[in-house]
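Chain by chain, the residues:
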Amino acid sequence: QKREMANEQIDGDNSGHFIRSQYQEKLALFDQEFMNGQSTSNLSMSSTVTQQTKTFEIETDKRIPKLGVMLVGLGGNNGATFVAGILANKLKMDWETKNGTMSANFFGSFTQSGTVHAGYKFNSKSNILEDVHLPVKDLLPMVDPCQFMISGWDISQANLYESCLRAKVLEPDLLKQLKGELESIKPLPAAFRGDFIASNQADRADNVINGTNIEIITKLREDIRLMKSQCDKVVVLWTANTEMYMLPEIDTMDKLHMMVSKNHELPASVLYCMAAIEERVLYLNGSPQNTFHKAIVEYARQKGSFIAGSDFKSGQTRYKTIMSDFLIGSGIRLSSVVSYNHLGNNDGKNLSEDKCFQSKKISKGGVLDDAIKSNKILYPEGKDKIDHDVIIRYIPFVGDSKRAIDEYSSQIFMNGINTIMSYNMCEDSLLAVPLMIDMVILGELFTRMRVNGEGLGPVLSYLSFFFKAPITNHSDYVINSYTRQRESLVNFLKVAAGLPLDSGTMMAFKY
Ligand code: NAD
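Residues numbered from 1 in each chain as written. Predicted model: local features only at pLDDT ≥ 70, side-chain atom pairs only at ≥ 80, totals over all residues. Heavy atoms only, no water.

Chemist: Outline the nonpolar core, supporting the account with residue identities and numerical values.
Modeler: One finds L182, L442 and F446 to be the most contacted residues of the largest nonpolar core, which totals 64 residues. Considering every element that reaches this core, the biggest residue donor is helix α14 (residues 428-446), with 11 residues. If we ignore the near neighbours within four places in the chain, the residues touching L182 are V83, A84, L87, N159, L160, Y161, C164 and L175. Membership of the second largest hydrophobic core comes to 44 residues, among which are C231, M253, L256 and V260. (Core = buried A, V, L, I, M, F, W, Y, C linked by side-chain atoms within 4.5 Å. Buried < 20%, exposed > 50% of the residue type's maximum accessible area, 1.4 Å probe, protein only. Helix = DSSP H or I, 4+ residues; strand = E, 2+ residues; numbered from the N terminus. Contact = heavy atoms within 4.5 Å.)

Following this line, the structure appears as structure tokens:
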């Protein structure tokens, strides 16, 4: 099915406005009978594998829109830190701390502070090739985060200065300087379905829209339309409380529309997501709940809208998918992974109720599945499990400074046991906000791209790099590996920019 782009800006072809590139993908295609991952002593490659070549035309609209970013959970720790952090960068602020004067930066953001290996140049002095690295943000035309227009919803009516104080993430001297700007930002009244989040959140809810499902979706659509009228394009990002899973999943569009019209109790996230889909704006899900029911994905497809998620992969899980790349990639059998977290922010408070914790546990639980599948020597049938558990506790004293303690036990040569422990202490929101910036910037860029004449989506799975439980357009094919996620994202950006991919063989250095 051909998809229309959800971006009015690129209607009407004007070839000067596009970057066009062609990419020939070569895949090794094995016979269907080939036993995946099994060791084969006498592998006759020529009879079992052929090379499949496919050509892709990639088109990117160069015009950078004025972008409106609407956060669900604007007054939360992530929301408030997102607003204040971007403002501090925009105003190039400095502030005093006990460790000296600090300046605003975008460290931790892949697009703003990351680089990619783009190729080589010849160094005539040493007579050898040397590496060329390019900033990710220079590969293709991307929105500058300092130009975001930001608004959003929260069930708490606190203004953004009060929210920043409540979050206890940023330094007082910085907040004092931003006080006027932050006080002027107030969250819009929110869609609220208290049964789906922890009951301990009820005392925050003093800023909610009352009404039926249809009335709430209509109001959210009006909010999005108002934002649209002030800029070229809007992205909605859920960074509100983790909701409990909604089961059974909504599997058909008929059921979805029936539940909306008959005013069934639906999670707030489904209402926001439907409003975004109906307004054809990208909806990103930073929390673990199962907002993207089968019917929602289908609805996005039908409307030509875009979605991506779920659950920011910011700390412990990101590290886990790097550790498993390292261990299993080295031929070591990772056999148990035990993760303890404690945190004292409002997210931790919400997760202290079991129904919300279960969503987090599910989201954190599947991250090793593709690593296990990748190696049948270490994980043959019947022995294809890693003992993996995740424990989360709410400890108010530590605030947003989350502690993550992980133990990785592996079987090594001759059944020796190798145990590695890691201890990570960090302000959770300072890890999450750069990812939020990246997914907005890259997500917006992907809505300006076409492959072989079709828009990407409805699921923007190249954003998987930023999510713990990525959803894709092919639900059976999900990559969690940090290395593979990064490689596919970087390679896609590179080919769209017209750069040849690195073969990585280093053959150029042979002579
Ligand atoms: P938070 O509790 O500080 O912020 C959530 C905000 O959402 C609160 O201000 C709350 O009032 C608001 N809210 C609740 N329901 C709402 C609704 N229906 N509509 C609008 N606003 C609503 O939490 P946080 O630390 O900012 O984290 C936000 C989310 O991101 C959580 O679900 C968390 O699990 C997820 N997450 C965070 C990280 C990270 O911070 N590193 C990583 C992965 C996932």
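Chemist: An account of the confidence of the model for the protein chain is requested, with residue identities and associated values reported.
Modeler: Averaged over all residues, the pLDDT of the protein chain equals 92, while 95% of them reach at least 70. Scored as a complex, the prediction yields pTM 0.94 and ipTM 0.99. (pLDDT = per-residue confidence, 0-100.)

Chemist: Please set out the packing of helix α2 (residues 77-90) against helix α4 (residues 160-167) residue by residue, giving values where relevant.
Modeler: Contact geometry for α2 and α4: axes closest at 9 Å, N-to-C directions at 120°. As for the relative orientation of α2 and α4, their crossing is left-handed in sense. Where α2 abuts α4, its residues N77, G79, A80, V83 and A84 lie against L160, S163, C164 and A167. Split into classes, the residues belonging to the contact of α2 with α4 amount to 6 nonpolar, 3 polar and no charged. (Axes fitted to C-alpha atoms, helices over the stretch in contact; angles between N-to-C directions. Left-handed = near helix turned anticlockwise from the far one by under 90°. Nonpolar A, V, L, I, M, F, W, Y, C, P; charged D, E, K, R; others polar.)

Chemist: How would you sum up unusual backbone geometry? Please name residues and give values.
Modeler: A cis geometry characterises the amide bond from L247 onward to P248, with omega recorded as -5°. Positionally, P248 belongs in the loop between β9 (233-238) and α7 (253-261). Residues G457 and P458 are joined by a peptide bond in cis, for which omega reads 10°. Mapped onto the elements, P458 comes out in the loop between β17 (454-455) and α15 (482-496). One non-glycine residue, N452, lies in the positive phi region at around 50°. By the secondary structure assignment, N452 is in the loop between β16 (449-451) and β17. The partly exposed category is assigned to N452, whose relative accessible area is 36%. One non-glycine residue with positive phi stands out, namely M506, at about 65°. Along the chain, the position of M506 falls in the segment after α15.

Chemist: Quick one: what's the story with the sheet that holds strand β2 (residues 49-61), residue by residue and with numbers?
Modeler: Spatially, the 4 strands line up as an open sheet ordered β1-β2-β16-β17, and their pairing is antiparallel. Strand pairing shows two members of the sheet lacking a second neighbour, β1 (18-30) and β17, which therefore form its edges. Of the pairings in the sheet, the one linking β1 to β2 comprises 13 bridges and is antiparallel in character. When the bridges of β2 are listed, F18 appears paired with D61. (Pairing = 2+ DSSP bridges.)

Chemist: Quick rundown of the site of the ligand? Include the residues and the values.
Modeler: Taken together, 29 residues lie around the ligand, and N78, D154, A191, S287 and N346 are the ones closest in. About the coverage of the ligand: the protein hides 99% of its 850 Å² of free accessible area. Only α2, α8 (268-278), α11 (346-351) and α14 provide two or more residues apiece to the shell around the ligand. Of the residues in the shell around the ligand, the class split is 10 nonpolar, 12 polar and 7 charged. (Near = heavy atom within 4 Å. Areas by Shrake-Rupley, 256 points an atom, 1.4 Å probe, with all protein chains shown as cover.)

Chemist: Just give me the short version of helix α5 (residues 172-183), but keep the residues and values in it.
Modeler: When α5 is considered as a whole, its buried residues turn out to be L174, L175, L178 and L182. Take α5 and look down its axis: the buried residues cluster within an arc of 90°, on one side only. Buried residues along α5 sit in contact with α2, β4 (94-97) and α4. (Arc of directions from axis to C-beta.)

Chemist: I'd like to hear about the side chain of H293, residue by residue, with values.
Modeler: On the secondary structure map, H293 appears in the loop between β10 (282-285) and α9 (294-303). Relative accessible area serves as the criterion here: at 1%, H293 is assigned to the buried category. With sequence-adjacent residues up to four places away left out, H293 is seen in contact with M246, E249, I250 and V270.

Chemist: Describe the layout of surface pockets, and please don't skip the residues or the numbers.
Modeler: When its volume is computed, the largest pocket comes out at roughly 1,900 Å³. E25, F56, Y462, S488 and F492 are the residues nearest the centre of the largest pocket, which is lined by 46 residues in total. Elements represented by at least two residues in the lining of the largest pocket include exactly β1, β2, β17 and α15. Across the lining of the largest pocket, the residue classes break down as 20 nonpolar, 17 polar and 9 charged. Reported here for the second largest pocket is a volume of approximately 1,200 Å³. Along its surface, the second largest pocket is lined by 45 residues, and P470, S475, D476, Y477 and V478 are the ones closest to its centre. Of all the elements in the fold, those that place two or more residues in the lining of the second largest pocket are α9, α10 (316-329), α12 (354-365), α13 (369-373) and α15. (1 Å grid on protein atoms, 1.4 Å probe; cavity = no way out; pocket = protein on both sides within 12 Å on 5 of 7 lines; lining within 4 Å. Points joined across faces, edges and corners; volume = space filled by probe spheres on them.)

Chemist: Describe the sheet that holds strand β12 (residues 333-343), naming the residues involved and giving the relevant values.
Modeler: A sheet is described by the order of its strands in space; here 4 strands give the open sequence β13-β12-β14-β15, paired in mixed fashion. Bordering the open sheet on either side are β13 (387-394) and β15 (417-427), each of which pairs with just one other strand. In this sheet, adjacent strand axes meet at a mean angle of 10° when their direction is disregarded. In terms of strand pairing, strand β14 (residues 401-411) meets β15 through 11 bridges, oriented antiparallel. For S409, the partnering residue across the bridge sits in β15 and is T419. In the packing of α10 onto the sheet, contacts are made with β12, β13, β14 and β15, and the angle to β14 comes to roughly 20°. Along the sheet face, α14 touches β12, β14 and β15 and points at about 85° away from the line of β15.

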